[in-house]
4 protein chains.
Amino acid sequence: QDYNLPVNDWAHSSLSVVVLGASGDLAKKKIFPALFALYYEGLLPPNVQFFGYARTKMTDVAFREMIAGTLTCRVNSRERCLEAQETFLQRCFYQAGSYDQQQGFISLNTRMSGQEASMPRANRIFFLSIPPNVFLDATGNAADCASSRTGWTRVIVEKPFGRDSDSSKELAEGLGRHLSEEQIYRIDHYLGKELIENLTVLRFSNSVFEPLWSRQHIRNVQVIFSENFGTEGRGGYFDRYGIIRDVIQNHLLQILALFAMEQPVSLDAEDIRSEKVKVLRSMKVVSAEDVVVGQYRAKGNLPAYLDDSTVPVGSLTETFAAVAMFIDNARWDGVPFLLKAGKALHKRYAEIRVQFRHVPGNLYRSKQGSNLDAHTNELVIRIQPKEAIYLKINNKVPGLGLRLDTSRLDLQYQSAFASNDLPDAYERLLLDVVNGDKRLFIRADELEAAWNLYTPLLHALEKNKVAPELYPYGSRGPVGAHYLAAKYGVRWGDLNEDDDE
Amino acid sequence: QDYNLPVNDWAHSSLSVVVLGASGDLAKKKIFPALFALYYEGLLPPNVQFFGYARTKMTDVAFREMIAGTLTCRVNSRERCLEAQETFLQRCFYQAGSYDQQQGFISLNTRMSGQEASMPRANRIFFLSIPPNVFLDATGNAADCASSRTGWTRVIVEKPFGRDSDSSKELAEGLGRHLSEEQIYRIDHYLGKELIENLTVLRFSNSVFEPLWSRQHIRNVQVIFSENFGTEGRGGYFDRYGIIRDVIQNHLLQILALFAMEQPVSLDAEDIRSEKVKVLRSMKVVSAEDVVVGQYRAKGNLPAYLDDSTVPVGSLTETFAAVAMFIDNARWDGVPFLLKAGKALHKRYAEIRVQFRHVPGNLYRSKQGSNLDAHTNELVIRIQPKEAIYLKINNKVPGLGLRLDTSRLDLQYQSAFASNDLPDAYERLLLDVVNGDKRLFIRADELEAAWNLYTPLLHALEKNKVAPELYPYGSRGPVGAHYLAAKYGVRWGDLNEDDDE
Amino acid sequence: QDYNLPVNDWAHSSLSVVVLGASGDLAKKKIFPALFALYYEGLLPPNVQFFGYARTKMTDVAFREMIAGTLTCRVNSRERCLEAQETFLQRCFYQAGSYDQQQGFISLNTRMSGQEASMPRANRIFFLSIPPNVFLDATGNAADCASSRTGWTRVIVEKPFGRDSDSSKELAEGLGRHLSEEQIYRIDHYLGKELIENLTVLRFSNSVFEPLWSRQHIRNVQVIFSENFGTEGRGGYFDRYGIIRDVIQNHLLQILALFAMEQPVSLDAEDIRSEKVKVLRSMKVVSAEDVVVGQYRAKGNLPAYLDDSTVPVGSLTETFAAVAMFIDNARWDGVPFLLKAGKALHKRYAEIRVQFRHVPGNLYRSKQGSNLDAHTNELVIRIQPKEAIYLKINNKVPGLGLRLDTSRLDLQYQSAFASNDLPDAYERLLLDVVNGDKRLFIRADELEAAWNLYTPLLHALEKNKVAPELYPYGSRGPVGAHYLAAKYGVRWGDLNEDDDE
Amino acid sequence: QDYNLPVNDWAHSSLSVVVLGASGDLAKKKIFPALFALYYEGLLPPNVQFFGYARTKMTDVAFREMIAGTLTCRVNSRERCLEAQETFLQRCFYQAGSYDQQQGFISLNTRMSGQEASMPRANRIFFLSIPPNVFLDATGNAADCASSRTGWTRVIVEKPFGRDSDSSKELAEGLGRHLSEEQIYRIDHYLGKELIENLTVLRFSNSVFEPLWSRQHIRNVQVIFSENFGTEGRGGYFDRYGIIRDVIQNHLLQILALFAMEQPVSLDAEDIRSEKVKVLRSMKVVSAEDVVVGQYRAKGNLPAYLDDSTVPVGSLTETFAAVAMFIDNARWDGVPFLLKAGKALHKRYAEIRVQFRHVPGNLYRSKQGSNLDAHTNELVIRIQPKEAIYLKINNKVPGLGLRLDTSRLDLQYQSAFASNDLPDAYERLLLDVVNGDKRLFIRADELEAAWNLYTPLLHALEKNKVAPELYPYGSRGPVGAHYLAAKYGVRWGDLNEDDDE
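Because the structure is a prediction, the values reported are computed rather than measured. (Residues numbered from 1 in each chain as written. Chains lettered and ligands numbered in written order. Predicted model: local features only at pLDDT ≥ 70, side-chain atom pairs only at ≥ 80, totals over all residues. Heavy atoms only, no water.)

**Student:** How should the overall build of chain A be read in this particular structure?
**Tutor:** If you tally the helices and strands in chain A, you get 14 helices and 16 strands. Against the compact-globule benchmark of 23 Å for 501 residues, chain A has a radius of gyration of 24 Å, which places it among compact chains. Principal axes of the C-alpha set define a box for chain A whose edges measure 80 × 50 × 45 Å. Sorting the 501 residues of chain A into buried and exposed places 62% on the buried side. The contacts in chain A between residues at least 6 apart in sequence include a share of 78% that link residues at least 24 apart. Just so you have it, chain A exposes about 18800 Å², and 50% of that area is on carbon and sulfur atoms. Between the averaged position of the 58 positive side-chain charges in chain A and that of its 62 negative side-chain charges there is a distance of 3 Å. (Helix = DSSP H or I, 4+ residues; strand = E, 2+ residues; numbered from the N terminus. Rg over C-alpha atoms; globule rule 2.2 N^0.38 Å. Buried < 20%, exposed > 50% of the residue type's maximum accessible area, 1.4 Å probe, protein only. Contact = heavy atoms within 4.5 Å. Areas by Shrake-Rupley, 256 points an atom, 1.4 Å probe, with all protein chains shown as cover. Lys, Arg positive; Asp, Glu negative; His and termini not counted. Charge placed at Lys NZ, Arg CZ, Asp CG, Glu CD.)

Quick look at the structure:
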């Protein structure tokens, strides 16, 4: 294993991974498959076991069967995958129990201790894949009744981390009563994406990018998240949050922070996270004038958001939002950062688009027509699907005469790197928890800074019952997003047909 | 025709193109094919005819036959190519005559006038594809006896433009007695290469390149010309010049000037050429300490340069040279520019390599090993073969853990641009002469500045009878080139195995 | 003499300086005093004599008396000044004659030849201090009848160089019929000012200024010329030109060109002038929307312009103008250059003010109040009176607490440099003519480029009979100038009270 | 009071300032005069009292008499100064006691409580002006027996903060047992100097400095501390530390950190100190090869260091040191930072000198002679005496011809700012403690980072018994300092005669 992080003394320690909410969707679709992938790759310690915990009563055998259905061998041809699945399942156990009572956790602790007995030290990871309303109870009970006494105990929590500054603070204090900050791993699975990890490498290990990475050369930055499906009958949870809380205030804002932060003093988690906090604190609080919210309506036989039976009648929850943000520091003063996220749009993708300034004193202006943006240099980092990096530049069209056209300096991940076997974000993040690497997790002060930026806006939207602009299912979103962009002299880069292929 | 240049009044003018030295290699291999290509594309005026002139006696018919063998239809599938060849050949005529006597030219004039009679104005181009020793005589006779009286007369001259400052000046004065500077088109066919033309576009129409284009960010620049064949029995002419005069002092120095010049005030030929002169004048005269010369020796059954029977016994003429140059201005002070050219090397290619500075305060240094150059950002502009532009950058290797590797942001011309039908340099240049566009031709003061830089070195090499370092036919050239580079902290980028594919 | 320029062979040459228009004001106030100063400093060749030429009849003795009244010894205490005056006057001669007939010039030639006889070579300078209407005649006659046959002949011409592109071209062609470009020295005496000469030194010999000298750091540049007196009964000539032609299109535009040009390849006159032409050609033609014109009216007992009896009734000639110019190149794209000149204003001064950009992401903004401009860094180059350079920067006010204030990094010429004996511009320029140094003179293509920028505006003003905005004698000029500045986000730096002392 | 910091509720709180070591030199010379100055200026809360504490037995009256001798009215003419002295002294009290026993502190507490009774809340400041060996005992006893129970208690500690990483850590842990980090104010009185405070203002509120503040433009930075007197019979304490610990590792390193840090996210103390830590952590550990140590020897009747009877025979303690440091981050990679401090040198001053890079492609090189450094742009910030800021630039020497000379853009504090009444550093720092402003105090992690940089060197010097280079009392220090500078291409700016006046 060439994973270059401080390693634990696995020769004398066991590891137990407990998934709370083991019968839920996330557990089945993401967590157990990721655990298996790590196990299969040999990245977990030899003495590892996995526990499911949920309210449903189930035997270990039934649990294993449930999981078995979800395991796949990422690369089909890999050998001995089935055999590995078998041994993996043998290490899976299940404990039923309620979240708000200690009894189940006490039983869990007993069973874990049994499995861990062969090693002097036991390390435990709790993955909280449970609804917000049982969050604090479950954490308290787990911490009080099932913490390891001989090794470390780490707790992975998923969003939502509250609905605003106050509720987030309350949650933080609740967690703080049972756990130290060091024990808490707040996951933003977007930070585990390959290209997000690469962002730091790109900037700081290439001397051609850093000199360009500022207001002097960058005209605007766009962080875009687009889904081509709606809530599809599962909008109940979503409706209480909306896309700003669900995607923008966490995933996209985290990406923005990584993009815009100053160079950290080292690659240590604390140094990187300190820089992220610093840049978040330099951002201006989002103003209601700088937001466009939308909600999808029916188109043909594609349903409206309000057609989702789990969504309250007349809900104003936004399924689309575009936000303009500004960073008030020396590097970024005046540069608009546009964040956009939506459901039920025409395509599925997530990307960062960096539009560079127009060429000053451009010799070729007469050859470029009226839409200068068409000749903008643009760096695109496509996070999903089909990871890619490309730089749009102007070239002479080969041949006689002098005509310019835009072409791409292109890095296609899938062709550039032999294996098309990029690990899932959860694999990366789970492995980081095992190794105690907090680089990709969100620190309490980051969370606070992020909520500070969005809470006034969210409160204003609610208080004023702002009606979202409707857009058809499968469209490119509400037109208002163009006007928001235009207000800051920006043109959305992702709505350029040429880039669609 | 969308060729955006001031056009001539071809509705009332004819054009005659005269190739002096029509029976020579260049005429057959390059000039007539290029004329045909232009003709076929419809880029020449309707009233055009072509005259060959040489000492050999030949009928028009014989001449047409000779030419016919060289014409190809660049793209096979193009329609009506054979038909076009036919009409092209009907416009070809031949006149025999000596270069140093007026008689032939007077006859030529008469025949041209006959063809031109249908139009009130006659424009004439003379392409001088003849040896240096008859150069001035031929020019004088052509100018005196065969200049157009009703339109313009332009004369295309090919290198060699002398052997040093004095002989070049003499030649210039000789030409000047018969022609004005405006009439003279000094060809450097390298300037007609697709990517050389693109160089200006790349720099000045992209806001991501210009900020990097200086000593602040560029560590060194390499201009490399490599041929994988020797003189092969035709070294007689070459031996009198050597590779410095034949390639470096003109082709590579011209490329360097285009690369390094300041932004011109406009794209007009005079403005671009003024900037080229400016940067040439800022260069330091090449010192004998900054040059390595080599000559190829036999390897296996591949012959040595001295095995060429047309080469004088014991010739010291260099078939390889590497030169370090410096530009003493605000933009480039201290940056080494390395020029390298050689025959009988391992491969055939010509390229510009821009190596950027190492990342200051590099966070990733510990992950990059001892050879920092392997992680240098590098912009490569491959001029031939297979035109390409790529930027080498560092990336995270996809997957778990953090390993860096170098990958390419790549623009392959042949895949990026539909047609693989790039015009030959001669086509571009001939068309420019027709259109009176002197952007890609060398002005008298450029030539003078270029000779000023190399004449002291050339005289020193001759005076001191400097023996070239021998290198095997098919090798990567003399080892001395590495020491020259190392003296200035440079590593040749083209000798890195990874790039070879 | 440490004047580092190619010197003439004065051991074998004589010098004659002829002032045409010798009885005029300029000759008396500036030219002869400057000639004397040079003579007194020993900067003129040993064999020098001075000729006055004008229509008035006068003896040498009367002429010497007239001149004698104007000569002063710049520094009173200097020794032997009176003695020097005496010998100077002995070298002065006078020839009466008309400008449009050859007779007078023939006589002049004869008398000069007499004085020059002792030396094998005679060099001659003609200073044309005569009205435009006799300009060409006088030049032609001087050139034809009084050129030196054994040495060089140089002709100094003063503005006006025409009234627009066409008349300037006509004048140029007129001069060209008698003189080569090399012989013509077009004087702009503003280029001879100490601080204008220093401008190039400041920029190119200090590494702290050049990095700031661009659109990245400079927000705007102001070139300001203010006179605290009106035409005072001599407005006849002025009225035919107006302040745009009289000051802005030449003096201020020349200063701007020097300020904004790229670094020349050397300090040679031709290289500097080529860069000036280059930047002039990059400027946008001045648009009528970017100009404010004014005319002073009476205030108390101070007269209006129209009160000047030499001014035509109802004249619309502008005595004040403010112009916004733009340079369309990579360095200056988007930066407003504001030029302002006026008569009968509150004070007399000429200066260049460079206002730097506001600090991005300014930590101290809350401490700086609403007028950000008050905290702008500003570089001021005061050309006259009291030459000075200072840089306005923000400082902490010494003492407890944290308050910011603006203070000056200051270079007072008069205290910094011992002697307060700066040479007059005419001395410098005359000496340059003697030495053949054309650095500070205007080349024909510069003149052409300058006229191209202003001719459309001047024609529009005339054609539309644009009425100037009236402003009181002794005021700060018309209010319109503020609105012009505000249109481009600029605040005039010279109207800030604090700077007045 | 316009001191813009969060203020305490002084309407309901009292303030007691306790000086431990009240009979010592520092107390008498600096602390009580500073307290009086603040008192006199009305900057202390109305309900304030001052306590002396030391081993010596003394009555309040005797104590007041002792203090009275040290109070001066900074500005003589100030009114009612004597009256203010009188009321100040009435607020002074004295308590004798030992440092290592609780008894004295219990009595102190009782007496303080008596004075504080009138207010509901009592705040207390302890100023520890006592020797290292009683430090921890005194702190412990003060904290345990004399902390305020109704308000805050703050403790000011002076260097030495240990002798190396280990002893510093030990001390920190000792303090930490009795005090929280929030309560501790580690004083470096150099940070209270006017120009050090101004350093941040200069950089971050001026757009002309920040663009120059990096390796791109700065060639080297020198921080220099020079005293013109030796230990003069009081070398006992000094000998145990040496100049590196006494001046360089704290004062100069602190200045360097402020100079070189990145822009903080705000002006808050924590943000500034975080940036200082960041840059300290980026510095390379000082290597023994990059240090020159010296010791002064007798010169004439000026004594050697070893002549000081309090100095151990044969002491190797350095009284002079010069150090080259490097910062391994993106901004400063490769720039040498030279620190130099010495006793018994020719003059007394402290200053920062920033030497900018030579002009690339310098047009004026031929006019500048061989010593390019003489024409270097240099920014000098003189901390003491006579605070000043000046920028050395090249100018044309006024007059005919073109000669360059260096002149200064100058800001003389004493002439620029009316009052020459700059507050003493202790005033500023004491006031900051009262206001809880920790901007100018050293945080624990800063201290740790600073020791990490110097501990290996200090251990090596001691272990290897490195003999200092001797230099005469009153000289410019050991010659070795020049060789150290030369090794990195630097010339000491302070040893240039011209600057001496």
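**Student:** Quick question: what am I supposed to make of the sheet that holds strand 2 (residues 48–54) of chain B here?
**Tutor:** In a beta sheet, neighbouring strands are held together by backbone hydrogen bonds and run either parallel or antiparallel to one another. Residue and element names in this part refer to chain B. Pairing in this open sheet of seven strands is mixed, and the strands run 3-2-1-4-5-6-15 from one edge to the other. The open sheet has two edge strands, strand 3 (92–96) and strand 15 (441–442), and neither has a second partner. Helix 12 (residues 425–435) contacts strand 1 (13–20), strand 4 (121–128), strand 5 (153–158), strand 6 (184–187) and strand 15 of the sheet and is inclined by roughly 150° relative to strand 5. (Pairing = 2+ DSSP bridges. Axes fitted to C-alpha atoms, helices over the stretch in contact; angles between N-to-C directions.)

**Student:** What is the right way to look at the packing of aromatic side chains in this model?
**Tutor:** One pair of aromatic rings is described through two measures. These are the centre distance and the angle between the planes. A full pass over the atoms with the stated rule returns 100 aromatic pairs over all chains. Measuring from centroid to centroid gives 6.5 Å for Phe209 of chain A and Trp213 of chain A, while their planes differ by 70°, and the two rings are edge-to-face. Owing to a relative accessible area of 6%, Phe209 of chain A belongs among the buried residues under this scheme. An aromatic cluster is built from Phe238, Tyr296, Tyr305, Phe320, Tyr471 and Tyr473 of chain A, whose rings are joined through pairwise contacts. When the ring centre of Trp492 of chain D is taken as reference, the NZ or CZ atom of Lys340 of chain D above it lies at 4.1 Å. The ring of Tyr185 of chain D has Lys438 of chain D sitting right over it, with the charged end atom 4.5 Å from the ring centre. (Phe/Tyr/Trp six-rings, centres within 6.5 Å; stacked < 30°, edge-to-face > 60°. Lys NZ or Arg CZ within 6 Å of the ring centre and 35° of its normal.)

**Student:** Explain helix 4 (residues 102–116) of chain D to me, please; I cannot follow it from the model alone.
**Tutor:** Structurally, the α-helix is built with 3.6 residues per turn, so residues lying three or four positions apart point the same way. With 15 residues, helix 4 of chain D should reach 21 Å at 1.5 Å per residue; the first-to-last C-alpha distance of 21 Å fits that figure. Residues of helix 4 of chain D that are buried sit in contact with strand 1 (13–20), strand 2 (48–54), strand 3 (92–96), strand 4 (121–128) and helix 5 (132–146) of chain D. (Expected span 1.5 Å × (residues − 1).)

**Student:** Just to check I follow, could you spell out the pattern of salt bridges for this structure?
**Tutor:** A side chain with one charge may pair with a side chain of the opposite charge, provided their charged atoms come close. Enumeration according to the criterion identifies 119 salt bridges over all chains in this entry. A salt bridge links Asp333 of chain A to Arg365 of chain C; the nearest nitrogen and oxygen atoms lie 3.7 Å apart. Of this pair, Asp333 of chain A sits in the loop between strand 9 (320–325) and strand 10 (337–342) while Arg365 of chain C sits in the loop between strand 11 (349–356) and strand 12 (378–384), which puts the two residues in different chains. Of the charged contacts in the structure, one is a salt bridge between Arg353 of chain D and Glu351 of chain D, with a shortest N-O distance of 2.4 Å. Beyond isolated ion pairs, a larger network of salt bridges with shared partners links Lys396 of chain C together with Glu194, Glu197, Arg428, Asp437 and Arg439 of chain D. (Salt bridge = Lys/Arg side-chain N within 4 Å of Asp/Glu carboxyl O.)

**Student:** Mind showing me how you'd approach the interface of chain C and chain D here?
**Tutor:** Often, the extent of an interface is quoted as the loss of accessible area upon association of its parts. Facing the 63 residues of chain C at the interface are 62 residues of chain D. Of all residues in chain C, the largest losses of buried area upon contact with chain D belong to Leu363, Leu400 and Leu409 of chain C, amounting jointly to 13% of the total for that side. Scanning the region where chain C abuts chain D turns up one salt bridge. Between Glu194 of chain D and Lys396 of chain C there is a salt bridge, with its nearest N and O atoms 2.8 Å apart. Our count for the contact surface shared by chain C and chain D stands at 22 residue pairs in polar contact (both at pLDDT 80 or more). Here the side of chain C that touches chain D is composed, by residue class, of 33 nonpolar, 19 polar and eleven charged. (Buried area = accessible area lost by both parts, 1.4 Å probe. Polar contact = N/O pair within 3.5 Å; in protein donor to acceptor, adjacent residues only side chain to side chain. Nonpolar A, V, L, I, M, F, W, Y, C, P; charged D, E, K, R; others polar.)

**Student:** Would you explain the relation of the copies chain B and chain C in this entry?
**Tutor:** The two chain copies are related to each other by a rotation about an axis together with a translation along it. In screw terms, the move from chain B to chain C is a rotation of 180° and a rise of 0.1 Å along the axis, fitting with an RMSD of 0.1 Å. These values place the two chain copies in the arrangement generated by a two-fold rotation axis. Most of the interface of chain B is mirrored in chain C: 100% of its interface residues are interface residues there too. (Least-squares fit on C-alpha atoms with pLDDT ≥ 70 in both.)

**Student:** Would you mind going over the relation of the copies chain C and chain D with me for this structure?
**Tutor:** The two copies are related by a screw operation: chain C maps onto chain D through 180° of rotation and 0.0 Å of translation along the axis, at an RMSD of 0.1 Å. Most of the interface of chain C is mirrored in chain D: 98% of its interface residues are interface residues there too.

**Student:** In this structure, what is going on with the sheet that holds strand 6 (residues 184–187) of chain D? I would like to understand it.
**Tutor:** Residue and element names in this part refer to chain D. One open sheet accounts for seven strands, arranged 3-2-1-4-5-6-15; its pairing is mixed. A single partner strand is all that each edge strand has here, and the edge strands are strand 3 and strand 15 (441–442). Sheet analysis places strand 1 next to strand 2, joined by six bridges and oriented parallel. Following the sheet pairing, Leu20 is matched in strand 2 by Tyr53. The strands touched by helix 5 within the sheet are strand 1, strand 4 and strand 5 (153–158), with strand 4 carrying the most contacts at an inclination of about 175°.

**Student:** Just checking my understanding: could you explain unusual backbone geometry for this structure?
**Tutor:** For the bond from Lys159 of chain B to Pro160 of chain B, the omega torsion is 5°, close enough to zero to count as cis. As for its placement among the helices and strands, Pro160 of chain B is situated in the loop between strand 5 and helix 6 (165–178). Unusually for a residue other than glycine, Ala344 of chain C sits at a positive phi of about 55°. Position of Ala344 of chain C relative to the elements: it lies in the loop between strand 10 (337–342) and strand 11.

**Student:** Looking at this structure, how should I read the environment of Tyr390 of chain A?
**Tutor:** Of note, Tyr390 of chain A is situated in strand 13 (residues 388–396). Each C-alpha atom, one on Tyr390 of chain A and one on Ile67 of chain A, is 39 Å from the other, the two residues being 323 residues apart in sequence.

**Student:** Would you explain the environment of Ser23 of chain D in this entry?
**Tutor:** All names here are of chain D. Looking at the secondary structure, you find Ser23 in the loop between strand 1 and helix 1 (25–40). C-alpha separation for the pair Ser23 and Val292, spaced 269 residues apart in sequence, amounts to 37 Å. Setting aside residues up to four positions removed in sequence, Ser23 forms contacts with Lys28, Ala54, Thr56 and Met66.

**Student:** Any chance you could explain the pairing of strand 7 (residues 218–226) of chain B here in plain terms?
**Tutor:** Residue and element names in this part refer to chain B. Of all nine residues that make up strand 7, nine are buried, and the element is covered over most of its length. Pairing of strand 7 with strand 11 (residues 349–356) involves eight bridges; the strand directions are antiparallel. Across the sheet, the residue bridging to Gln222 is Arg353, located in strand 11. Where strand 7 meets strand 10 (residues 337–342), six bridges bridge the pair, whose relative direction is parallel. Its bridge partner lying in strand 10, Ile224 is registered against Lys340.

**Student:** Before we go on, may I ask you to explain the interface of chain B and chain C in this structure?
**Tutor:** Residue-level contacts link ten residues of chain B with ten residues of chain C. For the pair chain B and chain C, the two sides together bury roughly 800 Å², of which 44% comes from carbon and sulfur. By the criterion of area lost to chain C, the three top residues of chain B are Val265, Lys278 and Arg281 of chain B, representing 59% of everything that side buries. Applying the counting rule to chain B against chain C returns four salt bridges. Between Arg281 of chain C and Asp271 of chain B there is a salt bridge, with its nearest N and O atoms 2.7 Å apart. At the boundary of chain B with chain C, the tally comes to six residue pairs in polar contact (both at pLDDT 80 or more).

**Student:** When you look at the side chain of Arg439 of chain B in this model, what are you seeing that I'm missing?
**Tutor:** Residue and element names in this part refer to chain B. On the secondary structure map, Arg439 appears in the loop between helix 12 and strand 15. Polar contacts involving the side chain of Arg439 include one to the side chain of Glu197, which spans 3.1 Å. When residues no more than four places from it in sequence are discounted, the contact partners of Arg439 are Glu197, Leu267, Ala269, Ile272 and Arg273.

Geometric descriptors of this kind do not, in isolation, establish any biological role.
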